[in-house]
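# Topology and contacts: notes
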There are 2 protein chains.
Amino acid sequence: MTDLCKCKQISDKEMQSIIQDMPDAGTMQNLADFFKVFGDFSRLKLLYFLSRTELCVADLSALANMQQSAVSHQLKILRLNRLVKTRKEGTVVYYSLDDMHIKNLFDLALEHLEEQK
Amino acid sequence: MTDLCKCKQISDKEMQSIIQDMPDAGTMQNLADFFKVFGDFSRLKLLYFLSRTELCVADLSALANMQQSAVSHQLKILRLNRLVKTRKEGTVVYYSLDDMHIKNLFDLALEHLEEQK
DNA sequence: CCTATATATGAATATATGTTCATATAATAA
DNA sequence: TTATTATATGAACATATATTCATATATAGG
């Protein structure tokens, strides 16, 4: 790989070291997938609402101003990524955040955006 | 909007309150766009390398095992999102992280992934 | 000026992704 | 059972996005 580098401003040793310390490809891919989930306006809205309180699909649909079907599809993605969990009561399914780290992520990203003004 | 809600497990008052506290749509969109940048394996790799040291395009290309053109395209996205900054020396362009919050984001996300095992 | 090198960029392509529509499933009530 | 309601899901469609290829730009050296 290093032989492709004609610039090579850093030594092979440094390159080796950087590559060795890197999380393995699987972890990096998981990390990218994790961020990707947050990288959508609709999902971000749903997560925000759920950060406030447990909500059923219909209420989420009303709050986010999205079709019920679209909400269900996005909730499925959030569920598969274990960001939300469900509780069923009759025909109503209640969703809530599965992990409170999520709020921290929000805050950190907002902080970053604030500093850019 | 609330009249679309047939489930309405929460009161109109609660809905109003949740919606009023929500960051405005522009901010939410910015937040989504911000996360979207991290939601790609290639960009995440580039950001990781840059979190270690300042690097030129050719070295990034070698480290990430990506074509030079692909690297340039992705670096442009990172630049437009002000995640990296550049320094030019002759024909060589050096890239580095523009903000150290990024490392915190990495760590927080990794922490989240760790807990899911 | 001409050549070589590092980087940037536009167009084309392939793939991924979000929404909609129609419909299926599950649970409850009559 | 039948009807109703809440939610889930598959297919189709439109859009977004990452990569590649070819080429442009910029800088340095001869």
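Bear in mind the structure is a predicted one, so any value in this text is a computation, not a measurement. (Residues numbered from 1 in each chain as written. Chains lettered and ligands numbered in written order. Predicted model: local features only at pLDDT ≥ 70, side-chain atom pairs only at ≥ 80, totals over all residues. Heavy atoms only, no water.)

### Brief notes about the interface of chain B and chain A
Formally: Note on contacts: a residue pair is in contact if any heavy atoms of the two residues lie within 4.5 Å. A quick way to say it: buried area is the sum, across both parts, of accessible area lost when two parts are put together, with a 1.4 Å probe. Throughout this description, the term salt bridge denotes a Lys or Arg side-chain nitrogen within 4 Å of a carboxyl oxygen of Asp or Glu. Each polar contact in these results corresponds to two N or O atoms within 3.5 Å; when the atoms are within protein, one needs to be able to donate a hydrogen and the other to accept it, and residues that are neighboring in sequence are counted only if both atoms are side-chain atoms. Segments assigned H or I by DSSP are reported as helices when at least four residues long, segments assigned E as strands when at least two residues long, and all are numbered from the N terminus.
Every contact between the two is made by 57 residues of chain B and, on the other side, 57 residues of chain A. Summing the contributions of chain B and of chain A, the shared interface buries around 5,400 Å²; its carbon and sulfur component is 74%. Applying the counting rule to chain B against chain A returns two salt bridges. The shortest N-O distance in the salt bridge between D21 of chain A and R52 of chain B comes to 2.8 Å. Counting across the interface, chain B meets chain A through eight residue pairs in polar contact (both at pLDDT 80 or more). Contributing elements (two or more residues each) for the side of chain B that touches chain A: α1 (12–21), α2 (25–38), α3 (41–52), β1 (55–56), α4 (57–64), β3 (92–97) and α6 (101–115) of chain B.

### Observations concerning the protein's contact with DNA strand D
What counts is decided by this rule: Here a residue counts as near a molecule or strand whenever at least one of its heavy atoms sits within 4 Å of it. Nonpolar residues are Ala, Val, Leu, Ile, Met, Phe, Trp, Tyr, Cys and Pro. Charged residues are Asp, Glu, Lys and Arg, and all others, Gly as well, are polar.
Close to DNA strand D lie 27 residues; S69 and Y95 of chain A together with S42, R43 and S69 of chain B are nearest. When atoms of DNA strand D within 4 Å of the protein are sorted by moiety, sugar and phosphate together comprise 66%. S69 of chain A places a polar side-chain atom, nitrogen or oxygen, 2.7 Å from a base oxygen of DNA strand D. Residue V93 of chain A places a main-chain N or O atom 3.3 Å away from a phosphate oxygen belonging to DNA strand D. Those elements giving two or more residues to the surface near DNA strand D turn out to be α4 (57–64), α5 (68–80) and β3 (92–97) of chain A together with α3 and α5 (68–80) of chain B. Looking at the surface near DNA strand D residue by residue, the class counts come to nine nonpolar, twelve polar and six charged.

### As for the confidence of the model for chain A
Residues and elements named next belong to chain A. Convention followed: For every residue, the predictor assigns a confidence score, pLDDT, that lies between 0 and 100.
On average, residues of chain A score 88 in pLDDT, and 91% of them reach the 70 mark or higher. Of all the helices and strands in chain A, helix α6 (residues 101–115) carries the lowest mean pLDDT, 76, while α5 carries the highest, 98. This model gives residues 1–5 a pLDDT under 50, and the stretch forms ten contacts once residues within four places in sequence are excluded.

### Points about the pattern of salt bridges
All names here are of chain A. Applied cut-off: Between buried and exposed lies partly exposed: a residue is buried under 20% and exposed over 50% of the maximum accessible area for its type, with that area taken using a 1.4 Å probe on protein chains only.
Tallying each qualifying case throughout the model produces six salt bridges over all chains. Ionic pairing is found between R87 and E89, a salt bridge with its closest N-O pair at 2.7 Å. Note on R87: relative accessible area 36%, which makes it partly exposed. A residue is classified by how much of its surface remains accessible, and E89, at 46% relative accessible area, is partly exposed.

### Description of α6 of chain B
The criterion, for reference: Here a helix's expected span is defined as the number of its residues, less one, multiplied by 1.5 Å.
Across its 15 residues, α6 of chain B extends 22 Å between first and last C-alpha, which sits within 8% of the 21 Å expected from 1.5 Å per residue. Buried within α6 of chain B are the following residues: H101, I102, L105, F106, L108, A109, H112 and L113 of chain B. Check the buried side of α6 of chain B and you find it contacts α2 (25–38) and α6 of chain A together with α2, α3 and β3 of chain B.

### Quick look at the relation of the copies chain B and chain A
Note the cut-off: We superpose the copies by least squares over the C-alpha atoms of residues that have a pLDDT of at least 70 in both of them.
Screw-axis analysis of chain B against chain A gives a translation of 0.0 Å along the axis, an RMSD of 0.1 Å, and a rotation angle of 180°. The operation mapping one copy onto its partner corresponds to a two-fold rotation axis. In this assembly the copies share their binding face: 100% of the residues contributing to the interface of chain B also contribute to that of chain A.

### Section: the protein's contact with DNA strand C
In the vicinity of DNA strand C there are 26 residues, among which S42, R43, S69 and Q74 of chain A together with S69 of chain B approach most closely. For DNA strand C, the backbone portion of the atoms within 4 Å of the protein, that is sugar and phosphate, comes to 67%. A distance of 3.0 Å separates a phosphate oxygen of DNA strand C from a polar atom in the backbone of A58 of chain B. For DNA strand C, a sugar or linking oxygen lies 3.2 Å from a polar atom in the side chain of T91 of chain B.

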